[in-house]
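Descriptive analysis of the structure
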Amino acid sequence: MARSGGVPIRSTEELVMARRAAQLAAEVLDMIEPHVVPGVSTETLDSICHDFIVNVQGATPANVGYLGYPKTVLTSVNHVVCHGIPSPHQVLKKGDIVNIDVAVNKDGWFGDTSRMFCVGAPSVLARRLVETTYEALRAGIQQVKPGAKLGDVGHAIAAVAQREHFTVVREYCGHGIGQVYHDEPQVLHYGRRGEGLTLEAGMIFTIEPMLNAGKRETKELADGWTVVTKDRSLSAQWEHMVAVTPDGYEVLTAWPGGTGAYPPI
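Residues numbered from 1 in each chain as written. Predicted model: local features only at pLDDT ≥ 70, side-chain atom pairs only at ≥ 80, totals over all residues. Heavy atoms only, no water.

**Description of the pattern of salt bridges**
A complete count under the given rule lists eight salt bridges for this structure. Here Asp-107 ties to Arg-20 by a salt bridge, and the two come within 2.6 Å at their closest N and O atoms. Here Asp-107, found in the loop between strand E6 (97-106) and strand E7 (109-118), pairs with Arg-20, found in helix H1 (residues 12-32); they are 87 residues apart in sequence, far enough to count as distant. Asp-107 sits in the exposed class, given a relative accessible area of 52%. Residue class for Arg-20 comes out partly exposed when judged on its relative accessible area of 37%. Between Glu-43 and Lys-71 there is a salt bridge; the shortest N-O distance is 2.7 Å. (Salt bridge = Lys/Arg side-chain N within 4 Å of Asp/Glu carboxyl O. Helix = DSSP H or I, 4+ residues; strand = E, 2+ residues; numbered from the N terminus. Buried < 20%, exposed > 50% of the residue type's maximum accessible area, 1.4 Å probe, protein only.)

Structure below.
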């Protein structure tokens, strides 16, 4: 494995392994979608994902035990920005929006992705936030190509957010991924065009913007994991693993059934 500026450059053979792990992670979110309904607990969703990863995919839930994290997925509901811990006491209700974030390890390679789910019909604001955050992710991914800068990615994301008067969370970012769960580079979701790391074919990283309906400030709760908006405004996040290809990008965590009502990337 070569490195450029501290960032791994993957060979064709390594990309195959990364793609396999990424597709398994995407498959988990595709599987869980029918279960995200009013009355289900986030603990139940976690258990279903765990059993699927272990018993169907023959993979390892990468989050279990990572830095002490106790669960398989992260479930971030409404004003939770990220890292929400599944609980039997948290029961989804109509109108909720929830991000489910999953990571798997298959033969030493990590796959990491998240997506938003709407529980019943969300409010107009919640729907607009979810759709805008997806659009921001899409805009960021479409900047990826050899010779582009990471600042181009962040700028594109922030421009979409600002257009809709939403704010970009700055404390958390995307990351390199492969045989290390969180590797270089750090992928900020804001920035200036023409600044930052120059992208090269073979780089793999996540892009995972978090947008708030209110102010961008966040706080971590006493459990040491759950991050919420300080003003308790709604928050949304989408995450894809992306590889830089010789002529652009490949979304490694593409949804098995396609993007449905969302625009293709």
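Read on for the rest.
**Here we look at the sheet that holds strand E14 (residues 227-229)**
Strand order in the open sheet formed by three strands is E5-E14-E13, with antiparallel pairing between adjacent strands. The sheet terminates laterally at strand E5 (80-82) and strand E13 (218-220), the two strands that pair on one side only. Strand-to-strand, the axes of this sheet are offset by a mean angle of 40°, without reference to chain direction. Alignment of E5 against E14, held across two bridges, turns out to be antiparallel. The partner of Val-80 across the bridge, within E14, is Val-228. (Pairing = 2+ DSSP bridges. Axes fitted to C-alpha atoms, helices over the stretch in contact; angles between N-to-C directions.)

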